[in-house]
Structure formats: structure tokens, C-alpha cells
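Examination of the molecular architecture
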Amino acid sequence: MNRTTQKVLVVLGLIILLLSLVYFTGDITSRYTFAEDLVLTGLSPVQGFFSQLGTRTYHFFYGMFDYHRLHEEKKEIRDELARRDNLQHQLLELQKENYRLREMLDFKERTEYELLPAEVIARDPGYWFETITINKGYADGVEQDMAVVTSEGLAGNIYFVSRNSSKVLLLTDSRRAVSALVQRSREPGTVGVVEGYPEMKGYLRMINLPPEANIQPGDTIISSGLGGVFPKGLVVGSVLEIDKDHYGLLQRAIVKPAVDFNRLEEVFIVKETPSAKDLDELPGGDVSDYY
Amino acid sequence: MEQEFWANKYYLSSYLIVVFITVLILVFQGSFLAFTLTGNIRPDLLLILVICLAFLWGEERGVVVGFIAGIFQDIFYGPALGFYTLSMLLPAYLAGLGSRVIYTDQVIGPLLAVFLGTILHEAVSFFLVELFWGNEFPLSYYMETMFLPVAAYNLVLTILIYPLLFRAEQAKLFYPSFK
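Residues numbered from 1 in each chain as written. Chains lettered and ligands numbered in written order. Predicted model: local features only at pLDDT ≥ 70, side-chain atom pairs only at ≥ 80, totals over all residues. Heavy atoms only, no water.

Glancing now at the sheet that holds strand 4 (residues 154-161) of chain A. Read around the closed barrel, the six strands follow the order 1-2-5-4-3-12 (chain A); overall the barrel is antiparallel. Within this sheet the neighbouring strands show an average axis-to-axis angle of 45°, counted without direction. Pairing geometry for strand 3 (residues 147-149) of chain A and strand 4 of chain A, over three bridges, is antiparallel. Directly across from Val-149 of chain A, in strand 4 of chain A, lies its bridge partner Leu-154 of chain A. In the packing of helix 3 (residues 59-77) of chain B onto the sheet, contacts are made with strand 1 (115-123), strand 2 (131-134) and strand 5 (166-170) of chain A, and the angle to strand 5 of chain A comes to roughly 80°. (Pairing = 2+ DSSP bridges. Helix = DSSP H or I, 4+ residues; strand = E, 2+ residues; numbered from the N terminus. Axes fitted to C-alpha atoms, helices over the stretch in contact; angles between N-to-C directions. Contact = heavy atoms within 4.5 Å.)

What follows concerns the confidence of the model for chain B. All names here are of chain B. On average, residues of chain B carry a pLDDT of 86, and 92% of them reach 70 or more. Across chain B, the secondary-structure element scoring lowest on mean pLDDT is helix 1 (residues 9-36), at 84, and the one scoring highest is helix 2 (residues 45-57), at 95. Two summary scores accompany this predicted model of the complex, namely pTM at 0.74 and ipTM at 0.79. (pLDDT = per-residue confidence, 0-100.)

With that settled, the discussion passes to the nonpolar core. In this structure, Leu-53 and Trp-57 of chain B are the most contacted members of the largest nonpolar core, which totals 43 residues. Sorting the residues of this core by element identifies helix 1, helix 2, helix 3, helix 4 (83-98), helix 5 (108-132) and helix 6 (139-170) of chain B as the ones contributing at least two each. Beyond its immediate sequence surroundings of up to four residues, Trp-57 of chain B is in contact with Ser-14, Val-18, Val-65, Glu-169, Phe-174 and Tyr-175 of chain B. Grouped together as the second largest cluster of nonpolar side chains are 41 residues, Ile-134, Ala-180, Leu-209 and Val-259 of chain A included. (Core = buried A, V, L, I, M, F, W, Y, C linked by side-chain atoms within 4.5 Å. Buried < 20%, exposed > 50% of the residue type's maximum accessible area, 1.4 Å probe, protein only.)

Okay, the interface of chain B and chain A next. Contacts between the two partners involve 50 residues from chain B and, on the opposite side, 52 residues from chain A. Of the roughly 4,500 Å² buried between chain B and chain A on both sides combined, carbon and sulfur atoms contribute 67%. On inspection of chain B and its partner chain A, the count reaches zero salt bridges. Of all the secondary-structure elements, those providing two or more residues to the side of chain B that touches chain A are helix 1, helix 3, helix 4, helix 5 and helix 6 of chain B. Counting residues per element, the side of chain B that touches chain A draws most heavily on helix 1 of chain B, which supplies 10 residues. By residue class, the composition of the side of chain B that touches chain A is 31 nonpolar, 12 polar and seven charged. (Buried area = accessible area lost by both parts, 1.4 Å probe. Salt bridge = Lys/Arg side-chain N within 4 Å of Asp/Glu carboxyl O. Nonpolar A, V, L, I, M, F, W, Y, C, P; charged D, E, K, R; others polar.)

Between helix 5 of chain B and helix 6 of chain B, whose axes approach to 8 Å, the crossing angle comes to 145°. As helix 5 of chain B packs across helix 6 of chain B, the resulting crossing turns out to be right-handed. (Left-handed = near helix turned anticlockwise from the far one by under 90°.)

As a further point, take the pattern of salt bridges. Counted under the stated rule, the structure contains six salt bridges over all chains. Across the pair Glu-130 of chain A and Arg-123 of chain A runs a salt bridge, and its minimum N-O distance is 3.7 Å. Here Glu-130 of chain A and Arg-123 of chain A have matching classes, each one buried. Here Arg-100 of chain B and Glu-59 of chain B are joined by a salt bridge, their closest N and O atoms 2.3 Å apart. You can see Arg-100 of chain B sitting in the loop between helix 4 and helix 5 and its partner Glu-59 of chain B sitting in helix 3, a full 41 residues away along the chain. Each of Glu-80, Arg-83 and Arg-84 of chain A takes part in salt bridges that share partners, so that together they form one network.

In this section: empty space enclosed by the protein. In this structure the tally under the stated criterion is three cavities of 30 Å³ or more. Each pocket or cavity is described by its volume, and for the largest cavity that value is around 80 Å³. Around the largest cavity, the lining residues are Pro-125, Gly-126, Tyr-127 and Trp-128 of chain A together with Gln-29, Arg-42, Pro-43, Asp-44, Gln-73, Tyr-84, His-121 and Glu-122 of chain B. Tallied by class, the residues present in the lining of the largest cavity amount to five nonpolar, four polar and three charged. (1 Å grid on protein atoms, 1.4 Å probe; cavity = no way out; pocket = protein on both sides within 12 Å on 5 of 7 lines; lining within 4 Å. Points joined across faces, edges and corners; volume = space filled by probe spheres on them.)

Counted by the stated rule, this structure contains 17 aromatic pairs over all chains. Taken together, Trp-128 of chain A together with Phe-126, Phe-127, Tyr-141, Tyr-142 and Phe-147 of chain B form an aromatic cluster joined through their ring pairs. Arg-61 of chain B extends its terminal NZ or CZ atom over the ring of Trp-57 of chain B, reaching a point 4.1 Å from the ring centre. (Phe/Tyr/Trp six-rings, centres within 6.5 Å; stacked < 30°, edge-to-face > 60°. Lys NZ or Arg CZ within 6 Å of the ring centre and 35° of its normal.)

This part takes up the packing of helix 2 of chain B against helix 6 of chain B. The angle between the axes and the distance between the axes are what describe a pair of packed helices. Residues and elements named next belong to chain B. The N-to-C vectors of helix 2 and helix 6 enclose an angle of 45°; their axes lie 10 Å apart at closest approach. Our classification of the angle between helix 2 and helix 6 gives oblique. In this structure, the crossing between helix 2 and helix 6 has a hand that is right-handed. Listed contacts from helix 6 to Leu-45, Leu-47, Ile-48, Leu-49, Cys-52, Leu-53, Phe-55, Leu-56 and Trp-57 of helix 2 are Asn-154, Leu-157, Thr-158, Ile-161, Tyr-162, Leu-165, Phe-166 and Glu-169. When grouped by side-chain class, the residues that make up the contact of helix 2 with helix 6 number 14 nonpolar, two polar and one charged. (Parallel < 35°, antiparallel > 145°, perpendicular 65-115°, else oblique.)

What follows is the structure in C-alpha cells.
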């Protein structure tokens, strides 16, 4: 066997080996391999340091070159705070009323979620997948499939866990789908990804909506709790526009995510999710109602 | 020095240095750069390094560099082990072959290699995604919105990076014990 044939055989063997590796480790439900666990555990503090440095640099330059916009934003935030203050009072009243009504109807109180704060220490620099790495791992009680949220809404779920860090599959990743419904009308559907035009990158789409679905632009989309990964009632985003699917049978909606995925810095891991039993007891009835 | 290139002690130190630089770039790219450049298009420093070194060192050592960089990228950010490794190998190999026909002391060669290598790297990624998970859009869509802008970005950065690597190679900085 001459040297060229040897080379070709080595390259072919390597390609087959690597393709098999992708096949066997590409399942999003798989755990970290030992090598990944070892490297990521050792390097997560370094990643944390660099991401902090990156965030601070961004904020420094953002503040320097965008002074006027920041000034305007400050004014808007002040006005918004005043409006929210007013809303908070109304909300308190409604909360009290809700509590009284729940007691009257003998509803079980909704399960409280235990939230574990985590910092984003890295994100996939490539373009094919939407994942971030956070600085909490199985040593902190993090498990696969736990939901990840921010104060704005649902961000994604844990798909790989190592000792001190975990990888989060964001909602904008095409491998992620969330069962969701329209908060106002309670229409069921599924949230996937919108990538139709460059300017729509990072947006989501809600599919499988019946033709008569009661949905309109501006509606808030929340998680339905079906599937067991995401708790019910987490805000996914708001509807931008609605059109028909390719076959003209079902409706679909473009959804603007509540979370700014470009600027994720801190997240919360939902450590406790309500069981299917709890879901059935929530107002809205049996989970089968959503189909 | 031609035979047994992967076992040659002369080259071993250079591969260890590549491991070190790869880890540094991956940490920098996934943390600092990802938090400062928040747009859709970001340069791929690791790919620039791989293609430039492959151009300097030839196709055989280029493949080793591509393998090292790819496997570490898989460990850090990959959706599966082997994904980035596969997409790094082909550009590295071809860039190494390119150095046979273009002089390594002129920046035009690596510029061309990085531009075409970036497109090739993304095209291989496209086919792997298609094979294992499925793409939403045709290749032409990604070519227009992603491959070409990233290739242009990488090309500009190569003007700065390649001369540094070339000088490091001339000064034998990759082979400290043989200086």
C-alpha cells in the first residue's frame, strides 16, 4: 500500500469516526461526555472573567457613544416607573381580590417556582446554534431540562450539565419548540423559530393555530406547561403579525420574544416545576383542553 | 522530518502551543467578543488561525491543527462532538495545499485561503446541520446572509493576523526548544 492510499484511508476513517461521533453525541437529551465535563469545569471561572470583561467593555462604549439616547431612555424610564407605580396599586387590589376568589373556589395555590440565579459566561460564537453557557452546574442542583428564565420571560432550557456550568438551548434555536398559548384567548399552538428574512432572525413563530383561532397582533404568548419541560404561564413574547401557513389551512404568527437574546447576562434556573396534576387544577381545566 | 509528522518532537511543541492558543481564542470569542459584538455577524478568529497555520505549515500539519481546534470548539460550544472538527478539516487541508502554489511570505495567499476557507467551513456546517438536524432555508440564503459577510470579516482580520503568525514562524516561536 503506497503512502497516498494510506493517507486517503486515514482521512476516510477519520471522517467516518467523526460523523459517528456527531450522530451519537448530537442528541440534545444526552449528557456531557467526560472530556467535556473536565474541560468545562476547569475553564468556567476563566469564561466568567472574560464575559464580565466583555459586558463591561460593551457598557463602557455604549455609554460613551450613546449619551443622548441614554438621556432619552432615562426620561422614558422615569415616566414608565410612574405609570408602573400606578399599575402596581391596581395590581395589589386585583391580587387581593384574586386571593379571595381563589379561597372561595377552593383552588389549590399554584406551585411556587424555586429560582436559582446564574450568570451567562459564554455563548456559542457560531451561527448554526443558539446556546449559552451559565456558571451553575450539577454541584448547584441543576438538572437537564430545567427551564431558564429572565425577569422578562422564558429564555430556554438546560440541555447539558457539567459540574460548575451548564449549556442552555435558547428558544431561538431551531431544535427547540415550546408548547404555548395566547394569554388573552387561551388558543393552543406551538412556538418555533422564524428565520424568514435576515431582519427576522431571533424572532419566533407560533404554528398549528386553527383557522378560527382568536389571535391578534399585540397578544401575549405564554407557555402552556404541556410537555413537562417549561412551567405554565411563563411569558414567551408578543404577536407581531399573523398569516396563513404554506397550505393555507392553519394560521401562524410571528412572535417577538420577551427576552433580548443578544443581551443575556443573568438568568434564573427554574428548579421546581408544577406537576401535571397541579396543571390540571389551574384555572383553564384539563390539559387535554388545549388540543 | 517528512515522515511520521504527527510523532515528530520538533512539531509536538507547536501543537501544544496551538492547543493553548485555541483555548484562549475560544474563551475570548465565546465570552468577551460575544458580549461586545452583539450583531449577527462576528469574525471567526479560530478559523483564521487554523487556515493561516495550515497555509504556513502545509496540508498534513494543517489537518492536525484543524483537528485540535475543531475538537476543542466542539467541547466548548459544539452541538455534538465532531461537528466543528469535521468543518475545520477540509479548509485546513486545502489551505495547506494552497501553500504549494502560492508563496507563504505574501499575504495574498492566506487572504484568498481564509476567504474561500470560511465559505467552505460554513458550507460543511450547513451540510452537517442538514444531515443531522435539518435546515430551514436553502444554501443560497445562508450564503448571502452569513457565509459572505463572515468571509469578508475574516479576510480583513487576516491582514492583521497573518503577518504576526508568519513572523512567529520565522522566529521559531512555535518551537521553543529548537530555537
